[in-house]
Amino acid sequence: MQEILKKEKTFQEKLTELKKAPDDVKLKREIAILYVQRHQIVKAEPILEMMSDDIDLNREFGIFYLSKNEIEKALKISEMMPDDVKLNYEFAVTYLEQEQIEKALPYSQKVLDKDPENTMGLLPNLHLEIGSSYASMIPGSSGKVRDRYVKNAVKHLQSVIENYSDSNVFESAQYNLGVTYSLTGDFDKSIEVLEKLMNHATDQVIKETLPNEIIEVKQLAAFKAAQDYVGVTFSAITQDFEKSIEVLENWMNRYNTDERIKQAVQKEFRKIRELAAEVETSE
(Lines give C-alpha, C1' and ligand atoms only; values in the text may rest on other atoms or scores of the structure.)
Protein backbone atom coordinates (compact mmCIF):
# COMPACT_ATOMS: atom_id res chain seq x y z
CA MET A 1 0.00 0.00 0.00
CA GLN A 2 2.81 2.38 0.92
CA GLU A 3 4.52 1.67 -2.40
CA ILE A 4 1.33 2.45 -4.34
CA LEU A 5 0.87 5.74 -2.50
CA LYS A 6 4.51 6.64 -3.13
CA LYS A 7 4.17 5.98 -6.89
CA GLU A 8 0.98 8.03 -7.04
CA LYS A 9 2.66 10.92 -5.26
CA THR A 10 5.60 10.81 -7.70
CA PHE A 11 3.20 10.76 -10.65
CA GLN A 12 1.28 13.78 -9.39
CA GLU A 13 4.54 15.64 -8.82
CA LYS A 14 5.56 14.99 -12.43
CA LEU A 15 2.24 16.33 -13.67
CA THR A 16 2.82 19.50 -11.66
CA GLU A 17 6.32 19.81 -13.11
CA LEU A 18 4.96 19.47 -16.65
CA LYS A 19 2.58 22.36 -16.11
CA LYS A 20 5.57 24.51 -15.21
CA ALA A 21 7.71 23.17 -18.09
CA PRO A 22 5.29 22.09 -20.88
CA ASP A 23 8.11 21.78 -23.44
CA ASP A 24 10.22 19.38 -21.39
CA VAL A 25 10.50 16.42 -23.78
CA LYS A 26 11.97 14.02 -21.23
CA LEU A 27 9.22 14.79 -18.73
CA LYS A 28 6.54 14.36 -21.39
CA ARG A 29 7.94 10.96 -22.26
CA GLU A 30 8.02 9.86 -18.62
CA ILE A 31 4.42 10.94 -18.02
CA ALA A 32 3.17 9.32 -21.23
CA ILE A 33 4.88 6.05 -20.30
CA LEU A 34 3.31 6.21 -16.86
CA TYR A 35 -0.10 6.78 -18.45
CA VAL A 36 0.41 3.69 -20.63
CA GLN A 37 1.53 1.59 -17.68
CA ARG A 38 -1.55 2.76 -15.77
CA HIS A 39 -3.67 1.74 -18.81
CA GLN A 40 -4.75 5.35 -19.30
CA ILE A 41 -3.95 5.02 -22.96
CA VAL A 42 -6.25 7.85 -24.10
CA LYS A 43 -4.24 10.34 -22.04
CA ALA A 44 -0.97 9.03 -23.46
CA GLU A 45 -1.98 9.14 -27.12
CA PRO A 46 -1.79 12.95 -27.57
CA ILE A 47 1.78 12.89 -26.28
CA LEU A 48 2.68 10.08 -28.70
CA GLU A 49 1.27 12.16 -31.57
CA MET A 50 3.65 14.96 -30.62
CA MET A 51 6.57 12.53 -30.17
CA SER A 52 5.78 9.96 -32.87
CA ASP A 53 9.44 9.03 -33.39
CA ASP A 54 10.25 8.46 -29.73
CA ILE A 55 11.58 4.91 -29.37
CA ASP A 56 10.88 4.47 -25.65
CA LEU A 57 7.32 5.71 -25.92
CA ASN A 58 6.52 3.63 -28.99
CA ARG A 59 7.92 0.57 -27.26
CA GLU A 60 5.58 1.08 -24.30
CA PHE A 61 2.60 1.41 -26.63
CA GLY A 62 3.66 -1.76 -28.44
CA ILE A 63 3.93 -3.69 -25.18
CA PHE A 64 0.54 -2.36 -24.08
CA TYR A 65 -1.11 -3.45 -27.33
CA LEU A 66 0.42 -6.92 -26.98
CA SER A 67 -0.94 -7.20 -23.44
CA LYS A 68 -4.39 -6.48 -24.84
CA ASN A 69 -3.86 -8.90 -27.75
CA GLU A 70 -4.18 -6.02 -30.21
CA ILE A 71 -1.56 -7.62 -32.40
CA GLU A 72 -2.10 -5.52 -35.53
CA LYS A 73 -1.47 -2.28 -33.65
CA ALA A 74 1.63 -3.76 -32.05
CA LEU A 75 2.89 -4.95 -35.44
CA LYS A 76 2.66 -1.44 -36.88
CA ILE A 77 4.94 -0.22 -34.11
CA SER A 78 7.27 -3.18 -34.63
CA GLU A 79 7.62 -2.24 -38.31
CA MET A 80 8.94 1.16 -37.18
CA MET A 81 11.56 -0.38 -34.87
CA PRO A 82 12.20 -3.96 -36.09
CA ASP A 83 15.45 -4.39 -34.17
CA ASP A 84 14.24 -3.24 -30.75
CA VAL A 85 15.31 -5.99 -28.33
CA LYS A 86 12.66 -5.40 -25.69
CA LEU A 87 9.76 -5.22 -28.14
CA ASN A 88 10.94 -8.34 -29.98
CA TYR A 89 11.16 -10.10 -26.64
CA GLU A 90 7.58 -9.13 -25.78
CA PHE A 91 6.37 -10.38 -29.18
CA ALA A 92 8.19 -13.68 -28.68
CA VAL A 93 6.78 -14.24 -25.20
CA THR A 94 3.26 -13.24 -26.29
CA TYR A 95 3.27 -15.77 -29.13
CA LEU A 96 4.78 -18.46 -26.92
CA GLU A 97 2.05 -17.94 -24.33
CA GLN A 98 -0.48 -18.34 -27.13
CA GLU A 99 1.22 -21.61 -28.19
CA GLN A 100 2.21 -20.13 -31.56
CA ILE A 101 5.86 -21.08 -31.42
CA GLU A 102 6.53 -20.71 -35.15
CA LYS A 103 5.45 -17.07 -34.97
CA ALA A 104 7.52 -16.55 -31.83
CA LEU A 105 10.81 -17.87 -33.21
CA PRO A 106 11.72 -14.99 -35.59
CA TYR A 107 11.28 -12.50 -32.75
CA SER A 108 13.20 -14.61 -30.25
CA GLN A 109 16.04 -15.03 -32.73
CA LYS A 110 16.33 -11.25 -33.06
CA VAL A 111 16.65 -10.97 -29.28
CA LEU A 112 19.35 -13.66 -29.23
CA ASP A 113 21.21 -12.02 -32.12
CA LYS A 114 20.98 -8.43 -30.88
CA ASP A 115 21.79 -9.09 -27.22
CA PRO A 116 24.01 -12.20 -27.06
CA GLU A 117 25.64 -10.99 -23.83
CA ASN A 118 22.27 -10.63 -22.09
CA THR A 119 22.87 -6.98 -21.24
CA MET A 120 19.11 -6.47 -20.83
CA GLY A 121 18.63 -9.57 -18.70
CA LEU A 122 15.99 -11.07 -20.99
CA LEU A 123 17.69 -14.22 -22.25
CA PRO A 124 17.18 -16.55 -19.26
CA ASN A 125 13.40 -16.17 -19.30
CA LEU A 126 13.32 -16.29 -23.10
CA HIS A 127 15.19 -19.61 -23.14
CA LEU A 128 12.88 -20.92 -20.41
CA GLU A 129 9.75 -19.93 -22.35
CA ILE A 130 11.01 -21.46 -25.61
CA GLY A 131 12.17 -24.67 -23.94
CA SER A 132 8.91 -25.05 -22.03
CA SER A 133 6.89 -24.45 -25.20
CA TYR A 134 8.75 -27.17 -27.08
CA ALA A 135 8.36 -29.52 -24.11
CA SER A 136 4.60 -28.96 -24.03
CA MET A 137 4.36 -30.21 -27.63
CA ILE A 138 6.23 -33.48 -27.02
CA PRO A 139 3.23 -35.60 -25.85
CA GLY A 140 1.21 -35.01 -29.03
CA SER A 141 4.08 -35.56 -31.48
CA SER A 142 5.96 -38.48 -32.99
CA GLY A 143 8.88 -39.41 -35.22
CA LYS A 144 11.31 -36.74 -36.39
CA VAL A 145 9.01 -33.93 -35.28
CA ARG A 146 9.03 -35.29 -31.74
CA ASP A 147 12.81 -35.66 -31.84
CA ARG A 148 13.12 -32.00 -32.86
CA TYR A 149 10.83 -30.87 -30.05
CA VAL A 150 12.82 -32.88 -27.51
CA LYS A 151 16.16 -31.59 -28.78
CA ASN A 152 15.07 -27.96 -28.72
CA ALA A 153 13.36 -28.22 -25.34
CA VAL A 154 16.46 -29.70 -23.72
CA LYS A 155 18.79 -27.25 -25.49
CA HIS A 156 16.99 -24.12 -24.31
CA LEU A 157 16.38 -25.34 -20.76
CA GLN A 158 20.00 -26.43 -20.39
CA SER A 159 21.08 -23.04 -21.70
CA VAL A 160 19.49 -21.42 -18.65
CA ILE A 161 21.03 -23.96 -16.28
CA GLU A 162 24.52 -23.72 -17.78
CA ASN A 163 24.71 -19.98 -18.43
CA TYR A 164 22.38 -18.20 -16.05
CA SER A 165 22.66 -19.86 -12.67
CA ASP A 166 22.12 -16.52 -10.94
CA SER A 167 18.84 -15.77 -12.74
CA ASN A 168 15.46 -15.94 -11.06
CA VAL A 169 14.34 -18.70 -13.45
CA PHE A 170 17.28 -21.03 -12.78
CA GLU A 171 15.21 -23.39 -10.61
CA SER A 172 12.23 -23.26 -12.99
CA ALA A 173 14.51 -24.34 -15.85
CA GLN A 174 15.78 -27.30 -13.81
CA TYR A 175 12.27 -28.31 -12.87
CA ASN A 176 11.04 -28.09 -16.45
CA LEU A 177 14.06 -30.04 -17.70
CA GLY A 178 13.24 -32.83 -15.25
CA VAL A 179 9.65 -32.90 -16.45
CA THR A 180 10.82 -32.85 -20.08
CA TYR A 181 13.01 -35.91 -19.56
CA SER A 182 10.00 -37.64 -18.02
CA LEU A 183 7.92 -36.82 -21.12
CA THR A 184 10.59 -38.45 -23.30
CA GLY A 185 10.61 -41.60 -21.17
CA ASP A 186 14.13 -40.95 -19.85
CA PHE A 187 13.03 -41.45 -16.25
CA ASP A 188 16.52 -41.92 -14.81
CA LYS A 189 17.62 -38.48 -16.04
CA SER A 190 14.34 -36.98 -14.91
CA ILE A 191 14.71 -38.31 -11.37
CA GLU A 192 18.38 -37.26 -11.28
CA VAL A 193 17.55 -33.65 -12.25
CA LEU A 194 14.55 -33.35 -9.93
CA GLU A 195 16.30 -34.89 -6.91
CA LYS A 196 19.31 -32.62 -7.45
CA LEU A 197 16.96 -29.63 -7.53
CA MET A 198 15.29 -30.91 -4.37
CA ASN A 199 18.59 -30.49 -2.52
CA HIS A 200 18.91 -26.75 -3.15
CA ALA A 201 15.51 -25.39 -4.25
CA THR A 202 14.56 -22.10 -2.63
CA ASP A 203 11.40 -21.33 -4.59
CA GLN A 204 8.56 -22.29 -2.26
CA VAL A 205 6.16 -23.42 -4.97
CA ILE A 206 8.82 -25.63 -6.57
CA LYS A 207 9.82 -27.06 -3.18
CA GLU A 208 6.22 -28.01 -2.47
CA THR A 209 5.67 -29.48 -5.95
CA LEU A 210 8.87 -31.51 -6.26
CA PRO A 211 8.08 -34.42 -3.90
CA ASN A 212 4.88 -35.35 -5.73
CA GLU A 213 6.54 -34.84 -9.11
CA ILE A 214 9.39 -37.19 -8.18
CA ILE A 215 6.89 -39.80 -6.96
CA GLU A 216 4.96 -39.55 -10.22
CA VAL A 217 8.11 -39.98 -12.31
CA LYS A 218 9.11 -43.01 -10.26
CA GLN A 219 5.63 -44.45 -10.81
CA LEU A 220 5.99 -43.91 -14.54
CA ALA A 221 9.39 -45.60 -14.42
CA ALA A 222 7.87 -48.53 -12.54
CA PHE A 223 5.06 -48.74 -15.04
CA LYS A 224 7.51 -48.78 -17.94
CA ALA A 225 9.52 -51.49 -16.23
CA ALA A 226 6.30 -53.47 -15.67
CA GLN A 227 5.39 -53.06 -19.33
CA ASP A 228 8.78 -54.32 -20.43
CA TYR A 229 8.63 -57.22 -17.96
CA VAL A 230 5.13 -58.18 -19.03
CA GLY A 231 5.92 -57.89 -22.72
CA VAL A 232 9.10 -59.95 -22.60
CA THR A 233 8.61 -62.44 -19.79
CA PHE A 234 4.95 -63.32 -19.94
CA SER A 235 3.39 -62.63 -23.33
CA ALA A 236 6.29 -63.40 -25.64
CA ILE A 237 7.98 -66.26 -23.83
CA THR A 238 5.55 -68.07 -21.54
CA GLN A 239 2.34 -66.83 -23.15
CA ASP A 240 0.89 -66.68 -19.65
CA PHE A 241 -1.55 -63.92 -20.56
CA GLU A 242 -3.65 -64.15 -17.42
CA LYS A 243 -0.51 -63.64 -15.36
CA SER A 244 0.37 -60.63 -17.50
CA ILE A 245 -2.99 -59.02 -16.75
CA GLU A 246 -2.64 -59.87 -13.07
CA VAL A 247 0.73 -58.09 -12.89
CA LEU A 248 -0.69 -54.94 -14.43
CA GLU A 249 -3.81 -54.99 -12.27
CA ASN A 250 -1.72 -55.37 -9.14
CA TRP A 251 0.45 -52.47 -10.28
CA MET A 252 -2.66 -50.33 -10.90
CA ASN A 253 -4.00 -51.09 -7.43
CA ARG A 254 -0.69 -50.31 -5.80
CA TYR A 255 -0.12 -46.88 -7.32
CA ASN A 256 -2.40 -43.86 -7.43
CA THR A 257 -1.98 -43.16 -11.13
CA ASP A 258 -3.38 -40.32 -13.22
CA GLU A 259 -5.75 -40.72 -16.16
CA ARG A 260 -2.92 -40.76 -18.69
CA ILE A 261 -1.31 -43.81 -17.09
CA LYS A 262 -4.63 -45.59 -16.62
CA GLN A 263 -5.29 -45.24 -20.34
CA ALA A 264 -1.83 -46.64 -21.11
CA VAL A 265 -2.52 -49.63 -18.86
CA GLN A 266 -5.87 -50.25 -20.54
CA LYS A 267 -4.08 -50.18 -23.89
CA GLU A 268 -1.63 -52.78 -22.58
CA PHE A 269 -4.56 -54.94 -21.43
CA ARG A 270 -5.98 -54.88 -24.95
CA LYS A 271 -2.64 -55.84 -26.49
CA ILE A 272 -2.32 -58.83 -24.16
CA ARG A 273 -5.86 -60.00 -24.88
CA GLU A 274 -5.25 -59.66 -28.63
CA LEU A 275 -2.14 -61.81 -28.29
CA ALA A 276 -4.11 -64.35 -26.30
CA ALA A 277 -6.80 -64.43 -28.99
CA GLU A 278 -4.22 -64.95 -31.72
CA VAL A 279 -2.70 -67.89 -29.86
CA GLU A 280 -6.12 -69.43 -29.25
CA THR A 281 -7.01 -69.06 -32.95
CA SER A 282 -3.75 -70.67 -34.10
CA GLU A 283 -4.38 -73.64 -31.88
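So, here's what we can say about the structure. These figures come from a predicted structure and were not determined experimentally. (Residues numbered from 1 in each chain as written. Predicted model: local features only at pLDDT ≥ 70, side-chain atom pairs only at ≥ 80, totals over all residues. Heavy atoms only, no water.)

### Section: the side chain of Asn-88
Defined as follows: We count a stretch as a helix when DSSP gives it H or I for four or more residues in a row; a strand needs E for two or more, and each element gets its number in order from the N terminus. Partly exposed describes any residue whose relative accessible area lies between the buried limit of under 20% and the exposed limit of over 50%, with all areas from a 1.4 Å probe on protein chains only and scaled to the type maximum. Should any heavy atoms of two residues lie within 4.5 Å, those residues are considered in contact.
Tracing the backbone through its elements, the reader meets Asn-88 in helix H6 (residues 85-97). Taking the relative accessible area as the measure of exposure, Asn-88 reaches 2% and is therefore buried. Excluding residues within four positions of it along the chain, Asn-88 makes contact with Pro-82, Asp-83, Tyr-107, Lys-110 and Val-111.

### Observations concerning the nonpolar core
Our working rule: Side-chain atoms within 4.5 Å link the members of a nonpolar core, which is a set of buried Ala, Val, Leu, Ile, Met, Phe, Trp, Tyr and Cys residues.
Grouped together as the largest cluster of nonpolar side chains are 55 residues, with contacts concentrated most on Leu-57, Phe-61, Leu-87, Phe-91 and Leu-126. It is H6 that contributes the most residues to this core, 8 residues altogether. Beyond its immediate chain neighbours, meaning those up to four positions away, Leu-87 contacts Arg-59, Gly-62, Ile-63, Leu-66, Ile-77, Ser-78 and Met-81. Within the second largest apolar cluster, 11 residues are counted, among which are Tyr-175, Ala-201, Ile-206 and Leu-220.

### What to know about helix H5 (residues 71-80)
Note the cut-off: Working note: the arc is built from the helix axis to C-beta atom directions.
Among the residues making up H5, those that are buried are Ile-71, Ala-74, Ile-77 and Ser-78. An end-on view of H5 places all buried positions within 125 degrees of arc, on one side of the element. Facing away from the buried side of H5, by more than 90 degrees, are the exposed residues Glu-72, Lys-76 and Glu-79. Structurally, H5 contributes buried residues whose contacts are with helix H4 (55-67), H6 and helix H7 (101-114).

### Considerations on a negative patch on the surface
Defined as follows: Surface patches are defined over residues having more than 30% relative accessible area and no salt bridge, joining like charges when they lie within 9 Å and nonpolar side chains (Val, Leu, Ile, Met, Phe, Trp, Tyr) when within 5 Å. Each accessible area value is a Shrake-Rupley result obtained with a 1.4 Å probe; residue values ignore everything except the protein chains displayed when judging cover. Here, a salt bridge means any Lys or Arg side-chain nitrogen found within 4 Å of an Asp or Glu carboxyl oxygen. Counting rule applied: Lys, Arg positive; Asp, Glu negative; His and chain ends not counted. Lysine's charge is taken at NZ, arginine's at CZ, aspartate's at CG and glutamate's at CD.
The grouping of Glu-13, Glu-17, Asp-23 and Asp-24 at the surface amounts to a negative patch. Tracing the sequence through the fold places Glu-17 in helix H1 (residues 2-20). Overall, Glu-17 belongs to the partly exposed group, its relative accessible area being 41%.

### Here we look at the layout of surface pockets
To keep it simple, the criterion reads: Both cavities and pockets are sets of points on a 1 Å grid over the protein atoms alone; in a cavity a 1.4 Å probe fits but cannot get out, in a pocket the set is open with protein on both sides within 12 Å along at least five of seven lines, and lining residues sit with an atom within 4 Å of a point. Grid points are joined across faces, edges and corners, and a volume is the space filled by probe spheres set on the points. Here the term charged refers only to Asp, Glu, Lys and Arg, the term nonpolar to Ala, Val, Leu, Ile, Met, Phe, Trp, Tyr, Cys and Pro, and the term polar to all other amino acids, Gly among them.
Computed from the structure, the second largest pocket encloses a volume of approximately 200 Å³. Taken together, Gln-158, Ile-161, Glu-162, Gln-174, Leu-177, Tyr-181, Lys-189, Glu-192, Val-193 and Lys-196 form the lining of the second largest pocket. Looking at the lining of the second largest pocket, the elements that each hand over two or more residues are helix H9 (143-163), helix H10 (170-184) and helix H11 (187-200). If you tally residues by element for the lining of the second largest pocket, the top one is H11, at 4 residues. Taken together, the residues of the lining of the second largest pocket sort by class into 4 nonpolar, 2 polar and 4 charged.

### A short note on the pattern of salt bridges
Scanning the entire structure with this criterion turns up 7 salt bridges. Between Asp-54 and Arg-29 there is a salt bridge whose closest N-O contact spans 2.7 Å. Remark: Arg-29 occurs in helix H2 (residues 25-37) and Asp-54 occurs in the loop between helix H3 (41-50) and H4; sequence separation between them is 25 residues. Given the relative accessible area of 22%, Arg-29 is considered partly exposed. Across the pair Lys-86 and Glu-90 runs a salt bridge, and its minimum N-O distance is 2.9 Å. Taken together, the positions of Lys-86 and Glu-90, both in helix H6 and 4 residues apart, correspond to about one turn of that helix. Here the salt bridges share partners, and the residues they tie into one network are Asp-56, Arg-59 and Asp-84.

### Some remarks on H2
In plain terms, the rule: Helix span, as expected, comes to 1.5 Å for every residue beyond the first.
With 13 residues, H2 extends 18 Å from end C-alpha to end C-alpha; this agrees with the ideal 18 Å at 1.5 Å per step. Burial in H2 covers these residues: Leu-27, Lys-28, Ile-31, Ala-32, Ile-33, Tyr-35 and Val-36.

### A look at the packing of helix H8 (residues 123-136) against H10
Applied cut-off: The axes used here are C-alpha line fits, helices contributing only the stretch in contact, and every angle between their N-to-C directions lies in the interval 0 to 180 degrees. Working definition: roughly parallel below 35 degrees, roughly antiparallel above 145 degrees, roughly perpendicular at 65 to 115 degrees, and oblique for all remaining angles. It is the rotation of the near helix from the far one that decides the hand of a crossing: anticlockwise by less than a right angle makes it left-handed, clockwise makes it right-handed.
It is at 10 Å that the axes of H8 and H10 come closest, and there the two elements cross at 20 degrees. By the angle between their directions, the pair H8 and H10 is classed as roughly parallel. The two elements H8 and H10 cross, and the hand of that crossing is left-handed. Contact residues: H8 offers Leu-128, Ser-132 and Ala-135, while H10 offers Ser-172, Ala-173, Asn-176, Thr-180 and Leu-183. Here the residues of the contact of H8 with H10 are counted per class, giving 4 nonpolar, 4 polar and no charged.

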